[in-house]
Amino acid sequence: MIVLPLIGLLQRVSWSTLLSDLSAHDAFVALRLSLEVSLGALAIALVFGLPLAWILARHRFPGRALLRGLVTLPMVLPPVVGGIALLYAFGRRGLAGQVIYDLTGWRFVFNTSGAMLAAAFVSMPFLIVTAEASFRSMDRRGEEAAATLGASPAYRFRRVTLPAVAPALAAGAALSWARALGEFGATITFAGNLPGSTQTTPLLIYLDIESGHEATALALSLVLLLVSLGVLVGLRDRWLGNP
Amino acid sequence: MSLSAQVRLRLGELDLGVDLDVDEQAPVAIVGPNGAGKTTFLRALAGLVPLDAGRVSVGGTVVEDPAGQIRLAPEERGLGVVFQEPRLFDHLSALENVAFGLRARGVSRNEARARAEAWLERVGLPQVARMRPRQLSGGQAQRVALARALVTEPAVLLLDEPLAAVDMSARAELRHLLRQELKRYPGVRIVVTHDPVEAAALAERLVVIEEGRVTQDGLLVEVTAHPRSRWVADMVGLNLWEGTASGTSVRVGADATVVTADPLEGSVFVSFRPNAVTLHRRRPEGSARNVWCLQVQELNPTGDRARLRLGGPVTLVAEVTAGAVSELSLADGGTVWASVKATDLVAYPV
């Protein structure tokens, strides 16, 4: 079930024209945009997700269980639905989008920032869930010791907490980034499919397959497959429980 | 500088109500059975557990007062803590661990390094400066933890069972170092321990906490000579009875009265050493007036001595020579006559 499609993909790749397919203008632009969008999404996830993970892990407040559930919702929500939801929130006529547009003239739709937002929406839970678990389960005794040594909360976080959870955070960030890289549904629904600004690699693959450019689609798919494998290999030790 | 604490808090099963004032004169040891609340008390002083009520002040500054909505964070209290486990930071070298508190307070990198190096030398570990905590032995790690707490020169130094997690082989040496450092440290020093040997080695004043309350507080010699609870009596190896005195006669049980040397009135404790008890096969003639026929409940030979737990009208522990055990053909369940001289019984008011 899992292996067969992979074999199917690999045996259809046109190896001789691989490099020229990838360096074709469209493909190159889409790959570069994907890198930009996925890294942007990761940045958004870190800026908003880390504090949220910290609050969920270390503070008790009413509605915490609900918030924790909501945070993981995008993991199971169909990405297209996520895209529509984003449209009604951040689209030009959306709840927040309208206000932002009126104040600054900024819009997310048909804009790279929209693609980043869409990718962040679906990928952030991977980071939050991993980060929250590590903040919650880490040995807190070092933080206590640091506090008695006169370290402020910010200093403790930087010099004791972060180093302690760094491996887990790196794993969460890698997962989140890989998910952002492959994002399709929310992006096409919310940000659109504009070459150079919102047409990321998965969107171009879809378009190429539809329009008969099979070789390019396969070459791009191969790249995404290799990246996924790379992330898996990088996290292998973590998941197999090796030190 | 002094520490004044009235700690009231509930934590799980524990109901803690401890008042303690400590000055810089001498180290104080807090002793007591497991679960008595010693560690929780220390953590409350450090600000790691919030008070329900009461007040803690350091050098006249109130650091916690729930009624007055005052609660300084641990890092704002200016105290140092040595925990039971070293709690070193794994990703930092031994030297960086010691320098941590200085760096956190904004001391420059070079100065922090220099002072940390001096402290590592002082605790006898200049050679581990570059090593990671994982590479240190338990005893070494605890020395680094001690240096790390002392380098910031806190006004109050709290030690929570600092030797408990250290190997037997390294314990004596570390105890010696602690004794030396505690003696010369110019601040309030409080060490929690459940080990009487440790308490005697490290402190001059002994505070006993049992079930969340102070049951005894005084100089080491006073407390060990005049136990006021079963736990303290067991710790220092004395027999202890509680009774009502009327002159030199003290009623210590339903039908047991003992005679002491010094007259007292009212509720009293009576204590005596186990080796002050003499055992006889028949009822002894002569001057001893505290004589009972008792049953042997437990017989523990230890080398050339033996300790016996005896029960009857009174309960006591006797320590006799191994020779006496065979001479009297003592065995579990047998009976024997026991006597204690009035002059060996120490009575003091409750």
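Everything numeric here is computed off the predicted structure, so don't read it as measured data.

Q: Would you mind going over the packing of helix 7 (residues 112-137) of chain A against helix 9 (residues 153-181) of chain A with me for this structure?
A: Any two packed helices are characterised by the angle at which their axes cross and by the distance between the axes. Residue and element names in this part refer to chain A. Between helix 7 and helix 9, the least distance of the axes is 8 Å, while the angle of their chain directions is 165°. Relative to helix 9, helix 7 is oriented roughly antiparallel. Helix 7 and helix 9 meet at a crossing whose hand is right-handed. Residues Ala119, Ala120, Val122, Ser123, Met124, Phe126, Leu127, Thr130, Ala131, Ser134 and Phe135 of helix 7 lie in contact with helix 9, whose contacting residues are Val165, Ala168, Leu169, Ala171, Gly172, Ala173, Leu175, Ser176, Arg179 and Ala180. Considering only residue class, the contact of helix 7 with helix 9 consists of 15 nonpolar, five polar and one charged.

Q: Just checking my understanding: could you explain the domain arrangement of chain B for this structure?
A: When the parts come together, some accessible area is lost, and that loss is often what is quoted as the size of the interface. Residues and elements named next belong to chain B. We note that the domain assignment places domain 1 (3-233) and domain 2 (238-349) within chain B. The gap between the C-alpha centroids of domain 1 and domain 2 is 40 Å. Opposite the five residues of domain 1 that make contact, domain 2 presents six residues. Tallied by class, the residues present in the side of domain 1 that touches domain 2 amount to two nonpolar, one polar and two charged.

Q: Help me understand the pairing of strand 13 (residues 256-272) of chain B, please; the structure alone is not making it clear to me.
A: Working note: regular strand, side chains alternate between the two faces of the sheet. Residue and element names in this part refer to chain B. Note: strand 12 (residues 239-253) against strand 13, 13 bridges, orientation antiparallel. Bridged to valine 250 within strand 13 is valine 258. Where strand 13 meets strand 19 (residues 346-349), four bridges bridge the pair, whose relative direction is antiparallel. Across the sheet, valine 270 pairs through a bridge with alanine 347, a residue of strand 19.

Q: Even after reading the chapter, I still don't get the packing of helix 4 (residues 64-76) of chain A against helix 7 of chain A, so can you show me in this structure?
A: Residue and element names in this part refer to chain A. Interaxial distance between helix 4 and helix 7 falls to 7 Å at its minimum, and their mutual angle equals 125°. Of the possible angle classes, the one that applies to helix 4 and helix 7 is oblique. The crossing of helix 4 and helix 7 is left-handed. Between helix 4 and helix 7, the residues in contact are Val71, Thr72, Pro74 and Met75 and Phe121, Val122, Pro125, Ile128 and Val129, respectively. Split into classes, the residues belonging to the contact of helix 4 with helix 7 amount to eight nonpolar, one polar and no charged.

Q: So what exactly am I meant to see when it comes to the nonpolar core here?
A: Nonpolar side chains tend toward joint burial in soluble globular proteins. By size, the foremost hydrophobic cluster in this structure holds 129 residues, and its most contacted members are A:Ala120, B:Val98 and B:Leu158. Element by element, the count of residues in this core is highest for helix 7 of chain A, at 15 residues. Contact partners of B:Leu158, with chain neighbours within four places excluded, come to B:Leu42, B:Leu45, B:Ala46, B:Leu79, B:Gly80, B:Val81 and B:Ile190. One finds B:Val250, B:Val314, B:Ala318 and B:Leu345 within the second-largest nonpolar core, a separate group that totals 27 residues.

Q: Honestly, the sheet that holds strand 16 (residues 305-311) of chain B in this entry has me stumped. Any pointers?
A: Hydrogen bonding along the main chain pairs the strands of a sheet, whether they run parallel or antiparallel. Residue and element names in this part refer to chain B. Here five strands make up an open sheet; going across it, the order is 14-18-15-16-17 and the pairing antiparallel. Two strands lie at the open edges of the sheet, namely strand 14 (278-280) and strand 17 (316-321), each paired on one side alone. Across the sheet, the axes of successive neighbouring strands diverge by a mean angle of 45°, strand direction being ignored. Here strand 14 pairs with strand 18 (residues 335-340) via three bridges, running antiparallel. Counted as the bridge partner of histidine 280 is tryptophan 337 from strand 18.

Q: What is the right way to look at unusual backbone geometry in this model?
A: Backbone phi values are negative for most residues with the exception of glycine, while trans is the configuration of most peptide bonds. Residue and element names in this part refer to chain B. In the Ramachandran plot, glutamine 69 falls in the positive-phi region, its phi being about 60° despite a non-glycine side chain. Mapping glutamine 69 onto the fold places it in the loop between strand 5 (61-65) and strand 6 (70-71). According to the C-beta neighbour criterion, glutamine 69 is exposed, with 6 such atoms within 10 Å. One non-glycine residue, glutamate 153, adopts positive backbone phi at about 50°. Along the chain, glutamate 153 falls in the loop between helix 4 (138-150) and strand 8 (156-160). What makes glutamate 153 partly exposed here is the crowd of 15 C-beta atoms within 10 Å.

Q: Before we go on, may I ask you to explain the pairing of strand 5 of chain B in this structure?
A: Residue and element names in this part refer to chain B. Relative to strand 5, strand 4 (residues 53-58) is paired through three bridges, and the arrangement is antiparallel. Bridge pairing in strand 5 places valine 58 opposite threonine 61. In sequence, strand 4 turns back onto strand 5 through a hairpin of two residues, with glycine 59 there showing a positive phi of about 55°. As paired elements, strand 5 and strand 6 share two bridges and run antiparallel to each other. Counterpart to glutamate 64 in the pairing with strand 6 is arginine 71. Counted between consecutive antiparallel strands, the loop separating strand 5 from strand 6 contains four residues, among which glutamine 69 sits at a positive phi close to 60°.

About the criteria used
- Residues numbered from 1 in each chain as written.
- Chains lettered and ligands numbered in written order.
- Predicted model: local features only at pLDDT ≥ 70, side-chain atom pairs only at ≥ 80, totals over all residues.
- Axes fitted to C-alpha atoms, helices over the stretch in contact; angles between N-to-C directions.
- Helix = DSSP H or I, 4+ residues; strand = E, 2+ residues; numbered from the N terminus.
- Parallel < 35°, antiparallel > 145°, perpendicular 65-115°, else oblique.
- Left-handed = near helix turned anticlockwise from the far one by under 90°.
- Contact = placed C-beta atoms within 7 Å.
- Nonpolar A, V, L, I, M, F, W, Y, C, P; charged D, E, K, R; others polar.
- Domains from an automatic or database assignment.
- Pairing = 2+ DSSP bridges.
- Core = buried A, V, L, I, M, F, W, Y, C linked by C-beta atoms within 7 Å.
- Buried ≥ 20, exposed ≤ 12 C-beta atoms within 10 Å, placed from the backbone.

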